[in-house]
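Chain by chain, the residues:
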Amino acid sequence: MMRRCLFLDRDGVINAAPPEGEYIKRWEEFRLLPEVVSWIRLFKAAGYLVIVLTNQRGVALGQYSEADLMALHEKMRAALAAQGAILDDIFYCPHHEGACACRKPLPGMVLEAQRKWDIDLAASLLIGDGERDRLLAERCGIPFVRVRDGRVA
C-alpha cells in the first residue's frame, strides 16, 4: 500500500526565511513559524508521512558544514516534536546550482523519498514558498500549496 506524504520546504515554511542571499547557519538564527506545527499535526493525524525537502547550497559555499546542518535539523526535529509535530524524514541538497539532480526544482529528493517510503505522489501535497517548490511539485505530479509567513498565499 503506497503512502501519502506532506512534503514541506524548510526556509519560509517551517522557519522564517533568511534575507535574500543569506543562510540560516546556527540554531540561534532559526525562528520556527508556529502555524507549521498545526499543519504537521493535522496531516499526521490523517495518516500522512511528513518529509522536509530543502536546498542547502550554503554547504557548497562553505557557509556551514554538513555536520552543522544535521545538528540544526536535529534541534528543529526536537523543537517540533516537543509540540507534537513529528517529522518522518529530512532530505537536503548541499550542492551548487547545476552540480546534481537533487537541487529543487530537479526531482532528485522527491524520487529518493518516494523510493525510501513508497509514496503515492499524486495523493500527496507539497507546501512551499517559492517558484522552485511549485516547479518541483508540477514536475513530480504533486498538488502544491504556496505559503508566505505561515499563511496560504
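Above this text you will find the structure in question.
Remember, it's a predicted structure, so these values are computed and weren't measured experimentally.

Draft legend 1. Broad picture of the overall build of the protein chain. In terms of helices and strands, the protein chain carries four helices and six strands. Reading the helices (α) and strands (β) of the protein chain from amino to carboxyl end gives β-α-β-α-β-α-β-α-β-β. A globule of 153 residues ought to have a C-alpha radius of gyration of about 15 Å, and the protein chain, at 14 Å, matches this closely. Of all 153 residues assigned to the protein chain, the portion counted as buried reaches 46%. Contacts spanning at least 24 positions in sequence make up 64% of the contacts within the protein chain whose residues lie at least 6 apart. Accessible surface computed for the protein chain: about 7,600 Å², of which carbon and sulfur atoms make up 52%.

Draft legend 2. Broad picture of the side chain of Ser124. Along the chain, the position of Ser124 falls in the loop between α3 (108-117) and β4 (125-128). Residue class for Ser124 comes out buried when judged on its relative accessible area of 4%. Each residue touching Ser124, except ones within four places of it in the same chain, is listed here: Arg3, Arg4, Cys5, Phe7, Tyr48, Ile119, Ile142 and Pro143.

Draft legend 3. Quick peek at the sheet that holds strand β3 (residues 89-93). Across the sheet, which stays open at both edges, the six strands sit in the order β3-β2-β1-β4-β5-β6 with mixed pairing between neighbours. Because the sheet does not close on itself, it has two edges, and the strands there are β3 and β6 (151-152). In the sheet, strand β2 (residues 49-55) pairs with β3 via five bridges, with the strands oriented parallel. Looking at the pairing, Asn55 lines up with Cys93 of β3. Across the sheet, α3 is in contact with β1 (5-8), β2 and β3; its angle to β3 comes to roughly 150°. Contacts between helix α4 (residues 131-140) and the sheet are confined to β2, β4 and β5 (144-148), with β5 contributing the most and set at about 170° to the helix.

Draft legend 4. Spotlight on α3. Taken together, the buried positions of α3 are occupied by Gly108, Met109, Val110 and Ala113. Of the surrounding elements, those touching the buried residues of α3 are β1, β2, β3 and α4. Phi for Asp118, located one or two positions after α3, is positive at around 55°.

Draft legend 5. Main features of the pattern of salt bridges. Under the definition given, this model contains twelve salt bridges. Here Asp9 makes a salt bridge to Lys104, at a shortest N to O gap of 2.8 Å. In this pair, Asp9 sits in the loop between β1 and α1 (35-45) while Lys104 sits in the loop between β3 and α3, placing the two residues 95 residues apart along the sequence. The pair Asp9 / Lys104 is uniform in exposure class, with both members buried. With its nearest N and O atoms 3.1 Å apart, the salt bridge here joins Glu97 to Arg103. Classification of Arg103 by relative accessible area gives buried; the value is 9%. Each member of the salt-bridge network shares a partner with another, and the members are Glu131, Arg134, Glu138 and Arg146.

Cut-offs applied
- Residues numbered from 1 in each chain as written.
- Predicted model: local features only at pLDDT ≥ 70, side-chain atom pairs only at ≥ 80, totals over all residues.
- Heavy atoms only, no water.
- Helix = DSSP H or I, 4+ residues; strand = E, 2+ residues; numbered from the N terminus.
- Rg over C-alpha atoms; globule rule 2.2 N^0.38 Å.
- Buried < 20%, exposed > 50% of the residue type's maximum accessible area, 1.4 Å probe, protein only.
- Contact = heavy atoms within 4.5 Å.
- Areas by Shrake-Rupley, 256 points an atom, 1.4 Å probe, with all protein chains shown as cover.
- Pairing = 2+ DSSP bridges.
- Axes fitted to C-alpha atoms, helices over the stretch in contact; angles between N-to-C directions.
- Salt bridge = Lys/Arg side-chain N within 4 Å of Asp/Glu carboxyl O.

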